[in-house]
Amino acid sequence: MESKPTFLLIEDNLIDQLIIKQLFRKVLNIDQIVIANNGREGLQWINGNKKQQSLIILLDIQMPIMNGFEFLDEFDKLSTEIKKETHIYVLSSTLDSDEILRIKENNYVSGFLSKPFPIQEFKNIVNLES
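Note that the structure is a prediction, hence the values are computed from the model and not measured. (Residues numbered from 1 in each chain as written. Predicted model: local features only at pLDDT ≥ 70, side-chain atom pairs only at ≥ 80, totals over all residues. Heavy atoms only, no water.)

Caption draft 1: Region of interest: the side chain of Thr-86. Here Thr-86 shows up in strand β4 (residues 86-92). Of the residues examined, Thr-86 reaches a relative accessible area of 8% and is grouped as buried. Here Ile-82 takes part through its backbone oxygen, which lies 2.7 Å from a polar atom of the side chain of Thr-86. Among all residues touching Thr-86, those that are not within four sequence positions of it are Leu-55, Ile-57 and Phe-75. (Helix = DSSP H or I, 4+ residues; strand = E, 2+ residues; numbered from the N terminus. Buried < 20%, exposed > 50% of the residue type's maximum accessible area, 1.4 Å probe, protein only. Polar contact = N/O pair within 3.5 Å; in protein donor to acceptor, adjacent residues only side chain to side chain. Contact = heavy atoms within 4.5 Å.)

Caption draft 2: Structural view of the packing of helix α1 (residues 14-27) against helix α6 (residues 119-126). Where α1 contacts α6, the axes come no closer than 11 Å and their chain directions differ by 60°. As far as their axial angle goes, α6 and α1 are oblique. Pair α1 / α6 crosses with right-handed handedness. On α6, the residues touching Leu-23, Phe-24 and Val-27 of α1 are Ile-119, Gln-120, Phe-122 and Lys-123. Each residue belonging to the contact of α1 with α6 can be placed in one class, and the counts come to 5 nonpolar, 1 polar and 1 charged. (Axes fitted to C-alpha atoms, helices over the stretch in contact; angles between N-to-C directions. Parallel < 35°, antiparallel > 145°, perpendicular 65-115°, else oblique. Left-handed = near helix turned anticlockwise from the far one by under 90°. Nonpolar A, V, L, I, M, F, W, Y, C, P; charged D, E, K, R; others polar.)

Caption draft 3: Expanded view of the packing of helix α2 (residues 39-48) against helix α3 (residues 68-75). Between α2 and α3, the least distance of the axes is 9 Å, while the angle of their chain directions is 30°. Considering their axes alone, α2 and α3 lie roughly parallel with respect to each other. Regarding α2 and α3, the two cross each other, and that crossing is right-handed. Side by side, α2 and α3 meet where Gly-39, Gly-42, Leu-43 and Ile-46 of the first sit next to Phe-71, Glu-74 and Phe-75 of the second. Partitioning the contact of α2 with α3 into residue classes produces 4 nonpolar, 2 polar and 1 charged.

Caption draft 4: Summary view of helix α5 (residues 97-105). Buried within α5 are the following residues: Glu-99, Ile-100 and Ile-103. For α5, the angular spread of the buried residues around the axis is 100°, confining them to a single face. Turned more than 90 degrees away from the buried face of α5 sit Ser-97, Asp-98 and Glu-105, all of them exposed. Where α5 is buried, its residues contact α3, β4 and β5 (109-114). (Arc of directions from axis to C-beta.)

Caption draft 5: Layout of the nonpolar core. Leu-8, Ile-10, Ile-46, Ile-57, Leu-59 and Phe-71 are the most contacted members of the largest nonpolar core, which has 24 residues in total. Those elements giving two or more residues to this core turn out to be β1 (6-10), α2, β3 (55-59), α3, β4, α5 and β5. The element that contributes the greatest number of residues to this core is α3, accounting for 4 residues. Sequence-distant contacts of Ile-46, that is, excluding residues within four places in its chain, are made with Leu-8, Leu-55, Ile-57, Phe-71, Leu-78 and Ile-82. (Core = buried A, V, L, I, M, F, W, Y, C linked by side-chain atoms within 4.5 Å.)

Caption draft 6: The pairing of β1, seen in detail. Taken across its 5 residues, β1 has 5 buried, putting it largely inside the fold. Both faces of β1 are covered, namely the face carrying Thr-6, Leu-8 and Ile-10 and the face carrying Phe-7 and Leu-9. In this structure, β1 lies alongside β3, joined through 5 bridges in parallel fashion. Considered in β3, the bridge of Leu-9 is made with Leu-58. Two elements, β1 and strand β2 (residues 34-36), share 3 bridges in a ladder whose sense is parallel. Residue pairing in the sheet places Leu-8 in a bridge with Val-34 of β2. (Pairing = 2+ DSSP bridges.)

This is how it looks when you write it as structure tokens:
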């Protein structure tokens, strides 16, 4: 039986964190979601938990300390093994067409989701059984 992936939410907004955790619990029946408040915390968690089999990251773009683009630049430096087992979905409220293009052209981004978090769309994309 295939185990469920680990979920990492990299998001600085506390309200978004709470809402996404509740949606995961109610819609996906997933209680465990790791939260990092910025890209640097996200990278620290990844580096400290390299034994994770499959990782799905929900990544905000606009954050203090290390934003989503800076995170993606640093993610590029991680081992191939980690990158192979990780899927990154950017979750953003940006309407900037240049930013959206930059997100969609990034090799590590599996998809772009607009806020508010579209939980049903996400469920269909990652094909999770709840």
